[in-house]
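A closer look at the structure
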Amino acid sequence: MSGTKPIIVALDFSDESLALDLIERLDPSACRVKVGKELFTRAGPGLVEALQVRGFEVFLDLKYHDIPNTVAGACAVAADLGVWMVNLHIMGGARMIAAARERLERVTRPPLLVGVTLLTSLTGDDLAAVGCPGDPLERVLALAALGHAAGLDGIVCSPREAAAVRAVEGAGFRLVTPGIRPAGGVADDQRRVMTPREALAAGADDLVIGRPITAAADPLAALRAIEADLAV
Ligand SMILES: O=C(O)c1cc(=O)[nH]c(=O)n1[C@@H]1O[C@H](COP(=O)(O)O)[C@@H](O)[C@H]1O
């Protein structure tokens, strides 16, 4: 684990006010937040700035996947926004990743650049159905190696793959893991999941957690319960 606050709360809301209501009750010294496609499409960069003004480090999760020039430009603009972390799809290829890295090297405060390997909602059967049969773990390991060589700071993967990736890619490579579900929680659309404690024990650096917190009757109590479980 590379920090004292491994939890990233995924603010997957359709409305800015819902995100801000939750944020008012969170402590920026205890967690980070993620702004993804839903909230960003609604609220845009202004919301990112509002979160940062309140002291939160923001993971901008727009999963860029395009030609190298377009992704590099988007990463540069994300850096201008001052975000802490930004992501892209490793399937965009080594030249796309290298272009993003090269552009970020030109900015004063580059965000961490991480790459999505295989979405945590996908199984081996899903891979076969899109014409890429194979074992999810093998695919994650291959994409992690490609991304690392092309200049990523880390990857997004399921915690189920964290230990294997850590063994190959080493200590400094950041492992960001969604697909987190407290024991007994519903998986929703996630397929490759682990509990928060299992994920940290497997070597994850960051735990991206959305609905187990945001859809709970008492989101703050749900977050506290996860933190308490991790502290044991
Ligand atoms: O890049 C991501 O953050 C991401 C990658 C991935 O493979 N799986 C995944 O679930 N995510 C994001 O992580 C969050 C997980 O949310 P919950 O399933 O509600 O905990 C969502 O905001 C997803 O967009």
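Not measured: the values here are computed from a predicted model.

**Side note on the overall build of the protein chain**
Summing up its helical and strand segments, the protein chain has 10 helices and 8 strands in all. Relative to the compact-globule value of 17 Å for 232 residues, the protein chain shows a C-alpha radius of gyration of 17 Å, a close match. C-alpha extents for the protein chain along the principal axes are approximately 45 × 40 × 35 Å. Per-residue burial over the protein chain gives 41% buried out of 232 residues. For the protein chain, contacts bridging at least 24 residues in sequence account for 67% of all contacts bridging at least 6.

**A short note on the UniProt feature "active site" (unreviewed entry) in the protein chain**
Taken from the UniProt record, the annotation "active site" (unreviewed entry) applies to D61, K63 and D66. For K63, the location among the structural elements is in strand β3 (residues 58-64). Filtering out sequence-adjacent residues up to four positions away, K63 remains in contact with N87, L88, H89 and V116. With respect to the helices, strands and loops of the structure, D66 is situated in the loop between β3 and α3 (68-81).

**Some words on the confidence of the model for the protein chain**
When pLDDT is averaged across the protein chain, the result is 97; 99% of the residues are at 70 or more. Across the whole predicted complex the pTM is 0.97, and at the interface the ipTM reaches 0.99.

**Some details on the nonpolar core**
Membership of the largest hydrophobic core comes to 65 residues, with the highest contact counts inside it found for V9, C75 and A100. V9 has contacts with L26, C31, V33, K34, I209 and I213, leaving out every residue within four places of it along the chain.

**Points about the site of the ligand**
Near the ligand you find 19 residues, and of these A10, T120, P178, G210 and R211 are the closest. Listing elements by their share of the shell around the ligand, those giving two or more residues are β3, β8 (206-209) and α9 (211-214).

Thresholds applied
- Each chain carries its own residue numbering, running from 1 in the written order of its sequence.
- Per-residue local features of the predicted model are confined to residues with pLDDT of at least 70, and side-chain atom pairs are confined, for both listing and counting, to 80 or more; whole-chain, interface and lining totals are unaffected and use all residues.
- Starting at the N terminus, helices and strands are each numbered in turn, a helix being any DSSP run of H or I of at least four residues and a strand any DSSP run of E of at least two.
- With the radius of gyration taken over C-alpha atoms, the globule rule is written as 2.2 Å times the number of residues to the power 0.38.
- Residue burial here comes from a neighbour count, namely the number of other C-beta atoms, placed from the backbone, that lie within 10 Å of the residue's own C-beta, with 20 or more meaning buried, 12 or fewer meaning exposed, and in between meaning partly exposed.
- By the convention adopted here, residues are in contact when the distance between their C-beta atoms, placed from the backbone, does not exceed 7 Å.
- UniProt positions are given in the numbering used here, feature names are shortened, and annotations may be inferred rather than shown by experiment.
- pLDDT: the predictor's confidence for each residue, scored from 0 to 100.
- By our criterion, buried Ala, Val, Leu, Ile, Met, Phe, Trp, Tyr and Cys residues that link up through C-beta atoms within 7 Å make up a nonpolar core.
- Here, nearness is defined through the C-beta atom: a residue counts as near a molecule or strand if that backbone-placed atom lies within 6 Å of it.

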